[in-house]
Amino acid sequence: MTGRKARVDLSGAPQTMLATLYAKALDADLPRPILGDRFAKEVVERIDYDWRRTTITAARSPSVTIRSAHFDAWARRFLSAHPAAVVLHLGCGLDARYFRLAPAPAVDWYDVDYPDVARLRRHLLPAAEHNHVVAASVTDPGWLAEIPADRPTLMIGEGLTMYLTETDGVALLRRIVERFPGGELQFDVFNWLGIKTQWSNAVVRRSGARLHWGIDGPADILTAVPGTRLLEWVRWFESDTYERLSRAYRVLGALMALLPATANMSQYHRYGF
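Note that the coordinates shown come from a computational prediction; the quantities given were computed from them, not determined experimentally.

*Asks:* I tried to follow helix α6 (residues 166–179) on my own but got confused; where do I start?
*Replies:* Because each turn of an α-helix spans 3.6 residues, side chains separated by three or four positions in sequence point in the same direction. The end-to-end C-alpha separation of α6 is 20 Å, in line with the 20 Å expected for 14 residues at 1.5 Å each. Every buried residue belonging to α6 is among Gly 169, Val 170, Leu 172, Leu 173, Ile 176 and Val 177, and all of these are buried. Down the axis, α6 shows its buried residues gathered within 155° of arc, on one side only. Of the exposed residues in α6, those oriented more than 90 degrees away from the buried face are Thr 167 and Glu 178. Buried residues in α6 make contact with β3 (86–90), β6 (153–157), β7 (183–190) and α9 (218–224).

As structure tokens, then:
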């Protein structure tokens, strides 16, 4: 992982991955890191970019890293039960989840993102025999036909659903459920209020991205995607990682819990199929 720094020229949803990457890099240098992701730190050091544009600071980084830690934990549970699984890491950005989790050699892991992002991944992250980079929009039906469909399959969509339209998002989930013999869908969502107040999200606003799909609870998914069953549903302040936040974040969570609309702004969903 040496060489000249990479220039990054992204806009819209792909640009938001830089904020999440930078949060993980800042976390790696904290006295008590949540992820401790050294890959993120190394990748940031290899990119020519004004990181101040992300609006992320060390104090704000836990808002990103506790979510990633939560999905790491859910993914570990699935991979422990299915050591020869297929993993679809959708809208992966430059996240080094494959390397953080170090799955068993029999796992085939597919990191899927736009071609520009895929090129950056190949340039900035190490290659691994069973870590496949797929250069495609997650909503394009074509790429899925190339994925083996003979094993339990895990779909991870961290920071993804809100950037999709409801039509595209539902179609994507249905294709996965219909193609594979069984597995899990794991993703986070914003509710209607999270979508309506997107102007207050500096990362989204500065990238020029737009949020579209608000999911108010599991019933929205269970109704729209036949064959799914709810395994877990938690709000961000109910996750196992929540207690690792600063007192200020914990107070914010307690205040948000007072009203259903704010309590459900950010949710983590896990379904079997």
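So much for the structure itself; the text now carries on.
*Asks:* Explain the pairing of strand β9 (residues 266–272) to me, please; I cannot follow it from the model alone.
*Replies:* Both faces of the sheet carry side chains from a regular strand, because those side chains alternate between them. Burial analysis of β9 places seven of its seven residues in the buried class, which makes it a mostly covered element. Of the two faces of β9, the one holding Ser 266, Tyr 268, Arg 270 and Gly 272 and the one holding Gln 267, His 269 and Tyr 271 are both buried throughout.

*Asks:* What is the right way to look at the environment of Leu 245 in this model?
*Replies:* One can find Leu 245 in the loop between β8 (229–235) and α10 (247–256). With 29 residues separating them in the primary sequence, Leu 245 and Asp 216 have C-alpha atoms 25 Å apart. Once residues within four sequence positions are removed from consideration, Leu 245 is found in contact with Pro 62, Ile 66, Trp 236 and Arg 250.

*Asks:* I tried to follow the sheet that holds β3 on my own but got confused; where do I start?
*Replies:* Sheet strands pair via backbone hydrogen bonds, and the direction of the pair is either parallel or antiparallel. Overall, mixed pairing links the seven strands, which are arranged β5-β4-β3-β6-β7-β9-β8 in an open sheet. Strand pairing shows two members of the sheet lacking a second neighbour, β5 (131–135) and β8, which therefore form its edges. This sheet shows a mean twist of 15° between the axes of neighbouring strands, independent of strand direction. Sheet analysis places β3 next to β6, joined by four bridges and oriented parallel. Bridged to Val 86 within β6 is Thr 153. Lying over the sheet, helix α3 (residues 62–81) contacts β3, β4 (108–113), β6, β7, β8 and β9, oriented at roughly 170° with respect to β7.

*Asks:* How should a nonpolar patch on the surface be read in this particular structure?
*Replies:* Together, Val 251, Leu 255, Leu 258 and Leu 259 line one region of the surface with nonpolar side chains, adding up to about 400 Å² of accessible area. Within the secondary structure, Leu 258 is located in the loop between α10 and α11 (260–263).

*Asks:* Can you help me understand α10 in this one?
*Replies:* Within α10, burial applies to Tyr 249, Gly 253 and Met 256. Within α10, the buried residues cover an arc of 65° as seen down the axis, which keeps them to one side. Across from the buried face of α10, at angles greater than 90 degrees, the exposed residues are Arg 247, Ala 248 and Leu 255.

*Asks:* It is not clear to me how the side chain of Thr 241 should be interpreted in this structure. Could you clarify?
*Replies:* By the secondary structure assignment, Thr 241 is in the loop between β8 and α10. The class for Thr 241 is buried, based on a relative accessible area of 8%. A distance of 2.9 Å separates a polar atom in the side chain of Thr 241 from a polar atom in the side chain of Ser 239.

*Asks:* How should I be thinking about the pattern of salt bridges in this particular structure?
*Replies:* Side chains bearing opposite charge may pair, as long as their charged atoms lie close to each other. Scanning the entire structure with this criterion turns up 21 salt bridges. Between Lys 41 and Asp 29 there is a salt bridge, with the nearest N and O atoms lying 2.8 Å from each other. You can see Lys 41 sitting in helix α2 (residues 38–45) and its partner Asp 29 sitting in the loop between α1 (13–28) and α2, a full 12 residues away along the chain. What makes Lys 41 buried here is its relative accessible area of 19%. Two residues, Asp 72 and Arg 97, come together in a salt bridge whose shortest N-O distance is 2.6 Å. Of this pair, Asp 72 sits in helix α3 while Arg 97 is found in helix α4 (residues 97–101), placing the two residues 25 residues apart along the sequence.

Rules behind the numbers
Residues numbered from 1 in each chain as written. Predicted model: local features only at pLDDT ≥ 70, side-chain atom pairs only at ≥ 80, totals over all residues. Heavy atoms only, no water. Helix = DSSP H or I, 4+ residues; strand = E, 2+ residues; numbered from the N terminus. Expected span 1.5 Å × (residues − 1). Buried < 20%, exposed > 50% of the residue type's maximum accessible area, 1.4 Å probe, protein only. Arc of directions from axis to C-beta. Contact = heavy atoms within 4.5 Å. Pairing = 2+ DSSP bridges. Axes fitted to C-alpha atoms, helices over the stretch in contact; angles between N-to-C directions. Patch = residues over 30% accessible without salt bridge, like charges linked within 9 Å, V, L, I, M, F, W, Y side chains within 5 Å. Areas by Shrake-Rupley, 256 points an atom, 1.4 Å probe, with all protein chains shown as cover. Salt bridge = Lys/Arg side-chain N within 4 Å of Asp/Glu carboxyl O. Polar contact = N/O pair within 3.5 Å; in protein donor to acceptor, adjacent residues only side chain to side chain.

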